[in-house]
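# Summary of structural features
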Amino acid sequence: MPRRKLVAGNWKMNTTRAEAVALAQGVAAGVGASPKCDVAVIPPFVWLDPVAAALKGTAVQLGAQDVYTEPKGAFTGEISPAMLLEVGCQYALVGHSERRHVIGETDAATNHKVHAALEAGLHVILCIGETLAERERNLQERVFQRQVYAACAGLTDEQFGRLTLAYEPVWAIGTGKVATPELAQEAHKNIRARMALLYGDNIAGALPILYGGSLTGDSAPGLFAQPDIDGGLVGGASLKADSFLKIVAAAG
Ligand code: PGA
């Protein structure tokens with residue numbers, strides 16, 4: 001079965017409440033009732049509720065930028081998978097490079113978060129990718145191996161069915177330096193081959209792998225035409241409805 005594409009907009013720590021609602025409404029209006037790919041927006045935690053209300057009855061899905069490992073309790077500042085489900089999220093982002101490299105999240109923490117989110121019933125978008133220093137030393141394939149092996153350890157076949165990977169080279173995020181379609185395809189193919197070795201051909205073949213890093217309406221068509229690229233995780237260009245919708249159109 002061909003993999004359905006997904007385009008998800010990670011708003012990071014941007015938007016006021018009014019901007020978030022207006023952006024969600026603009027995306028929903030542009031996407032229409034039956035888009036050719038899945039579309040999700042990922043606002044800051046505090047705007048999930050009003051954005052969920054704005055998206056009600058539309059084809060646009062909702063995700064959170066992070067999730068905690070425990071269902072409830074004395075974990076000041078954290079948000080549980082059940083809270084995300086109650087507010088209307090279908091997706092949780094895990095292991096974004098800013099969480100790994102700015103906040104210091106470890107591979108082990110990503111594994112716990114992936115488990116907690118999937119066990120609660122969420123879909124997970126798991127981000128992986130090498131830094132510039134790692135690419136310069138040609139270490140990217142080892143980084144993919146380490147990150148997927150650590151983050152996916154212990155998942156069941158059913159849980160793999162709710163997992164999406166996002167390949168986001170750290171040197172491409174927010175820099176304007178988008179990966180070429182050839183470089184990205186090579187990375188995605190390599191990641192899929194590693195998943196096949198670790199978890200079998202069926203899981204690897206069905207697994208959507210998104211590209212992320214300075215994606216725009218201009219670069220999306222070339223990237224999305226590659227056989228192992230199944231959509232995009234969009235940062236900067238997801239903050240305006242029209243630039244995000246151009247990327248969505250490229251996935252159709
Ligand atoms: P960018 O961010 O599109 O602004 O590079 C992508 C991401 O971090 O997911």
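The structure under discussion appears in the preceding block.
Read on for a plain summary of the structure. (Residues numbered from 1 in each chain as written. Predicted model: local features only at pLDDT ≥ 70, side-chain atom pairs only at ≥ 80, totals over all residues. Heavy atoms only, no water.)

### What about the sheet that holds strand β1 (residues 6-10)?
Hydrogen bonding along the main chain pairs the strands of a sheet, whether they run parallel or antiparallel. Sheet architecture is closed into a barrel: eight strands sit in the order β1-β2-β3-β4-β5-β6-β7-β8, paired in parallel fashion. For this sheet the average axis-to-axis angle between neighbouring strands, irrespective of direction, equals 25°. Sheet analysis places strand β7 (residues 209-212) next to strand β8 (residues 231-234), joined by two bridges and oriented parallel. Paired with tyrosine 211 across the two strands is glycine 232, which belongs to β8. (Pairing = 2+ DSSP bridges. Helix = DSSP H or I, 4+ residues; strand = E, 2+ residues; numbered from the N terminus. Axes fitted to C-alpha atoms, helices over the stretch in contact; angles between N-to-C directions.)

### Quick look at the packing of aromatic side chains
On inspection of all chains with the given rule, the structure shows four aromatic pairs. Taking the centre distance of 5.4 Å and the plane angle of 80° together, the rings of phenylalanine 144 and tyrosine 167 count as edge-to-face. One end of the pair, phenylalanine 144, is in helix α7 (residues 140-152); the other, tyrosine 167, is in strand β6 (residues 163-167), with 23 residues separating them in the sequence. Just as phenylalanine 144 is buried, tyrosine 167 falls in that class too. Judged by centre distance (4.7 Å) and plane angle (45°), the ring pair of phenylalanine 160 and tyrosine 199 falls under tilted. Of this pair, phenylalanine 160 sits in helix α8 (residues 157-160) while tyrosine 199 sits in helix α9 (residues 181-199), and the two are 39 residues apart along the sequence. A relative accessible area of 5% means that phenylalanine 160 is categorised as buried. Pairwise contacts between aromatic rings join Phe144, Tyr167 and Tyr211 into one cluster. (Phe/Tyr/Trp six-rings, centres within 6.5 Å; stacked < 30°, edge-to-face > 60°. Buried < 20%, exposed > 50% of the residue type's maximum accessible area, 1.4 Å probe, protein only.)

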